[in-house]
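# Summary of structural features
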2 protein chains.
Amino acid sequence: MRDVAIIGIGQTEVGEHWEVSLRHLALRALQAAMQDAGVPQVDAIYVGNMLSGELTGQEHIGALVADFAGLRGVEAFKVEAACGSGAAALRIGYMAVASGLANIVAVVGVEKMTDALGPDVAYALALAADGEYEAAHGVTFVALNAMLMRRYMHEYGYRHQDFAILAVNAHRNGINNPYAMFRFPVTPERFAAAPMICDPINLLDSSPVCDGAAAVVLVPAEAAHAFAKVPVRIAASAVGTDTLAIHDRRDPLVLDGAVLSTRRAYEQAGVGPQDIDLFELHDAFSIMAVLSLEAAGFAERGRGLQLALEGEIAISGRIPIATMGGLKARGHPVGATGVYQVVEVVQQLRGQAGANQVPNARLGMAQNIGGSGATVITHILERMDHCG
Amino acid sequence: MRDVAIIGIGQTEVGEHWEVSLRHLALRALQAAMQDAGVPQVDAIYVGNMLSGELTGQEHIGALVADFAGLRGVEAFKVEAACGSGAAALRIGYMAVASGLANIVAVVGVEKMTDALGPDVAYALALAADGEYEAAHGVTFVALNAMLMRRYMHEYGYRHQDFAILAVNAHRNGINNPYAMFRFPVTPERFAAAPMICDPINLLDSSPVCDGAAAVVLVPAEAAHAFAKVPVRIAASAVGTDTLAIHDRRDPLVLDGAVLSTRRAYEQAGVGPQDIDLFELHDAFSIMAVLSLEAAGFAERGRGLQLALEGEIAISGRIPIATMGGLKARGHPVGATGVYQVVEVVQQLRGQAGANQVPNARLGMAQNIGGSGATVITHILERMDHCG
């Protein structure tokens, strides 16, 4: 099996792109990544996307994106794992290069959530939950997360206001990311005053509905130094799954899928949580950030929020998260998010993160979650000039 | 890169399964394939499906199927390439085993088209076409194929009745397949009397709207002989793409995606059309069968239908097609079809095709098409006890 490296990254600004179609978003990110890599052609394109059929009236976007980018003929598919679709597509691209079946692969994550046809976005997002046992009863995706948050507060004695730190941290970092949707600060007071969406989740506990696309270019690691940019090795690529329905889980406050996914990633990379310099986690809601910190081994059960309150998730902290704004402030175009996370880890490892640079970042982890923890995909990335 | 073999196959009867949900269909096929292989566990599951979100109100079916089958925790994604989704999932499973990242992989194709929520099936199937340049103008998927068929008749001087042979052949073979949706003969007279759907495509030129699931289990070829069944090696796995919109193609009557896909498959397997003993092609409409025969090199341009008229597509002919009924008579549950095709080729190579057995079948080809030729995935399978 061949080692795989990322040699190009690209992204569009996250936001409400009323004037741009899904194919244009994908094209912009793909072209940026190919230009960054300096490659005019690829062997295959894997597109991570959740809702193109429901919201845009277009399935079959693998071949569509390939053709629209002038790459007609190349292998191309869409990969879907709800909000984990972006990292799922990266996982497939990783396999294509690792196997030797492809030498240059592009992975694109794209989602167009504004300007939607037919069903509203709350309905569409609930397709990530168990349709027959959750959504059929009218539970939306935010409601599922609200129940988790309420349970966490109840079990460990936190107040809702304790979660403010997550929005404060994400927005502080988003200010310096030109691709972020929200580039303004959030104070604890503003958090306290934010309108309630689904008690106890308020507006500033939630990531936004938005559009965006991000892309990366992969090659065999042994070939990576032939390209101009500082290459980044994929030290681990791992997946863990769990039940879609939260009520079927062993314990609703333990993301077993994330525990499995992270453990497999640590094993593949031969590292542990103490070795990770930054962690782009799936903060679709504040509670998911906290549960992810615990599942990945950065905090004991019930102590993830405490870790945040102690300042350890800041750029200068023990384990910086949402370093470019996270899902909360950069935005969460669902099927694109997993690729945005990886693009941002690469920016950090290359030393291109500007004011948000994590000093001497060598090993970064990105974790993308589908549903409320049913599909968890973890990638550990390593700056290659510091390898070995 | 490791060689990959198929050691287990499973399928449900194709039909209108009003009493069964999507997850149950997938489960039945997956359990049958795992039982056939004699494996109690797999490392990963890739699910081919096009329309679960639109028709069933459920995305995220990778993790859902894994959990429902008692395999909670394993890697699982959904792969989508319109009607080519099934073979696209197989392609991903092939990469997982070939790369060494997984040792036992299940691939499931599933589609539930009856009992649909919301949009009607004609709308949903048009999501395979170019939404902005074809479907937006009201062109359905059958209309696109009707235009291709009309053009073919015009350019090469065939009558509509000449296409009867494709329905006659598929239905003759479907009679002996207990999993086929239609198990009755079609005569040229019955074809001539069939109601028109979209001129010149009549009811017997078309595959049906239906439900079904099929599955295969993959392992490294070197390990395949440890399992009970006659193993079948994946001698080639290849993809070619083209524009979604037919009007953008170089020539509407040449499936460039199929030409590319087939050429790549022949090269990987080191064979040519003369070596293929049977060809499970994508006869969603009669015209697609004809164009596929030409693109794969079994007939010159404009001569694919002539080949059929000369009897060469029968079990006893030069290149048997639709040997278990094809999309026309076995049925076409869109995202499942590519896996059904592969299951049927395996049946032939194992000598389990009963009355439809192609004598001494050693090398079989399955070709699954997304849209009207935009994604074409070709697998060449080889009976392993006759290798080398």
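Residues numbered from 1 in each chain as written. Chains lettered and ligands numbered in written order. Predicted model: local features only at pLDDT ≥ 70, side-chain atom pairs only at ≥ 80, totals over all residues. Heavy atoms only, no water.

The next point concerns the relation of the copies chain B and chain A. Overlaying chain B with chain A gives an RMSD of 0.0 Å, the required rotation being 180 degrees about an axis along which the chain moves by 0.0 Å. The transformation just described matches what one would write down for a two-fold rotation axis. Every residue of chain B has its C-alpha some distance from the rotation axis, and the shortest such distance is that of B:Ser99, at 1.8 Å. Taken as a fraction of all interface residues of chain B, those also at the interface in chain A reach 100%, which identifies the copy contact as same-surface. (Least-squares fit on C-alpha atoms with pLDDT ≥ 70 in both. Contact = heavy atoms within 4.5 Å.)

What follows covers the confidence of the model for chain A. Averaged over all residues, the pLDDT of chain A is 96; the fraction at 70 or higher stands at 99%. Scored as a whole, the predicted complex attains pTM 0.98, and scored at its interfaces, ipTM 0.97. (pLDDT = per-residue confidence, 0-100.)

Residue and element names in this part refer to chain A. For the structure on display, the rule yields 40 salt bridges over all chains. Of the charged contacts in the structure, one is a salt bridge between Asp67 and Arg72, with a shortest N-O distance of 2.8 Å. According to the relative accessible area criterion, Asp67 is buried, its value standing at 18%. The exposure class of Arg72 is partly exposed, given its relative accessible area of 42%. As a salt-bridge pair, Asp251 and Arg301 come within 2.5 Å of each other at their nearest N and O atoms. You can see Asp251 sitting in the loop between strand 8 (232-241) and helix 10 (256-269) and its partner Arg301 sitting in the loop between helix 11 (286-295) and helix 12 (304-309), a full 50 residues away along the chain. With a relative accessible area of 15%, Asp251 lands in the buried category. Overlapping salt bridges, with partners in common, bring together Asp3, Arg233, Arg362 and Glu382 in one network. (Salt bridge = Lys/Arg side-chain N within 4 Å of Asp/Glu carboxyl O. Buried < 20%, exposed > 50% of the residue type's maximum accessible area, 1.4 Å probe, protein only. Helix = DSSP H or I, 4+ residues; strand = E, 2+ residues; numbered from the N terminus.)

Attention shifts here to the nonpolar core. Within the largest apolar cluster, 90 residues are counted, with the highest numbers of intra-cluster contacts made by A:Val216, A:Leu218, B:Val216 and B:Leu218. In this structure, B:Leu218 is in contact with B:Val4, B:Ala5, B:Ile6, B:Leu90, B:Gly93, B:Tyr94, B:Val97, B:Asn103, B:Ile104, B:Val105, B:Val107 and B:Ile234, ignoring residues within four places of it in sequence. Membership of the second largest hydrophobic core comes to 73 residues, among which are B:Ala128, B:Val142, B:Leu148 and B:Ile246. (Core = buried A, V, L, I, M, F, W, Y, C linked by side-chain atoms within 4.5 Å.)

Attention now goes to unusual backbone geometry. Residue and element names in this part refer to chain A. Residue Pro200 is reached from Asp199 by a cis peptide bond, and omega for that bond is 10 degrees. A positive phi angle, near 60 degrees, is found at Asp115, a position not held by glycine. As for its position among the elements, Asp115 is in the loop between strand 4 (105-111) and helix 5 (121-125).

Before going further, it helps to spend a moment on the packing of helix 4 (residues 85-99) of chain A against helix 14 (residues 337-350) of chain A. All names here are of chain A. The interhelical angle for the contact between helix 4 and helix 14, taken along N-to-C directions, is 70 degrees, at an axis separation of 5 Å. The orientation of helix 4 relative to helix 14 falls into the category roughly perpendicular. Counted together, Gly86, Ala87 and Leu90 of helix 4 and Gly338, Val339 and Val342 of helix 14 form the full contact between these two elements. (Axes fitted to C-alpha atoms, helices over the stretch in contact; angles between N-to-C directions. Parallel < 35°, antiparallel > 145°, perpendicular 65-115°, else oblique.)

Below, the discussion takes up the interface of chain B and chain A. At the junction of the two partners, chain B supplies 59 residues and chain A supplies 59 residues. Summed over both sides, the interface of chain B with chain A buries roughly 4,700 Å², with 56% coming from carbon and sulfur. Of all residues in chain B, the largest losses of buried area upon contact with chain A belong to B:His60, B:Phe77 and B:Leu101, amounting jointly to 16% of the total for that side. Summed over the shared surface of chain B and chain A, the result is six salt bridges. Our count for the contact surface shared by chain B and chain A stands at 26 residue pairs in polar contact (both at pLDDT 80 or more). (Buried area = accessible area lost by both parts, 1.4 Å probe. Polar contact = N/O pair within 3.5 Å; in protein donor to acceptor, adjacent residues only side chain to side chain.)

For the rest of this paragraph, the subject is the side chain of A:Gln348. All names here are of chain A. Assignment of secondary structure puts Gln348 in helix 14. A polar atom in the side chain of Gln348 sits 3.0 Å from the side chain of Thr323. Of note is the side chain of Gln348, whose polar atom sits 2.8 Å from the backbone nitrogen of Val358. Those residues within four positions of Gln348 in sequence are excluded, and the remaining contacts are Leu278, Thr323, Met324, Ala353, Asn356, Gln357, Val358 and Ala361.

Residue and element names in this part refer to chain B. Locating Val79 in the fold gives a position in strand 3 (residues 75-80). Take Val79: its relative accessible area is 0%, and that puts it in the buried class. Taking the C-alpha atoms as reference, Val79 lies 23 Å from Val259; in sequence the two are 180 residues apart.

Turning our attention to the pairing of strand 4 of chain A. Residue and element names in this part refer to chain A. With seven of seven residues buried, strand 4 is to be regarded as a mostly interior element. Burial along strand 4 is two-sided: the residues Val105, Val107, Gly109 and Glu111 and Ala106, Val108 and Val110 are all buried. Pairing analysis gives five bridges linking strand 2 (residues 44-48) to strand 4, with the strands arranged parallel. What sits directly across from Gly48, in strand 4, is Gly109. Here strand 4 pairs with strand 7 (residues 212-220) via seven bridges, running antiparallel. When the bridges of strand 7 are listed, Ala106 appears paired with Val217. (Pairing = 2+ DSSP bridges.)

All names here are of chain A. Annotation of chain A at the domain level lists domain 1 (4-117 + 209-224) and domain 2 (138-207 + 235-383). A C-alpha centroid distance of 23 Å is found between domain 1 and domain 2. Counting residues at the interface gives 41 residues for domain 1, matched by 35 residues for domain 2. When the buried surface of domain 1 facing domain 2 is broken down by residue, Gln11, Val14 and Cys83 rank first, second and third, together holding 26% of it. The partner of Asp36 in a salt bridge is Arg350, with the nearest N and O atoms 2.9 Å apart. The interface formed by domain 1 and domain 2 contains 13 residue pairs in polar contact (both at pLDDT 80 or more). Of all elements in the fold, only strand 1 (4-11), helix 4, strand 4 and strand 7 reach the threshold of two or more residues within the side of domain 1 that touches domain 2. (Domains from an automatic or database assignment.)

Between two aromatic rings, the relevant description is the distance of the centres plus the angle of the planes. Residues and elements named next belong to chain A. For the structure on display, the rule yields 14 aromatic pairs over all chains. Ring geometry for Tyr152 versus Tyr158: centroids 5.5 Å apart, planes at 10 degrees, classification stacked. Tyr158 matches Tyr152 in its accessibility class, with the two residues each being buried. Judged by centre distance (5.3 Å) and plane angle (40 degrees), the rings of Phe279 and Phe298 are tilted. Remark: Phe298 occurs in the loop between helix 11 and helix 12 and Phe279 occurs in strand 9 (residues 278-280); sequence separation between them is 19 residues. Residue class for Phe279 comes out buried when judged on its relative accessible area of 0%. Exposure remark for Phe298: the relative accessible area of 11% places this residue in the buried category. An aromatic cluster of three or more residues is present, and its members are Tyr152, Tyr156, Tyr158 and Phe163. (Phe/Tyr/Trp six-rings, centres within 6.5 Å; stacked < 30°, edge-to-face > 60°.)

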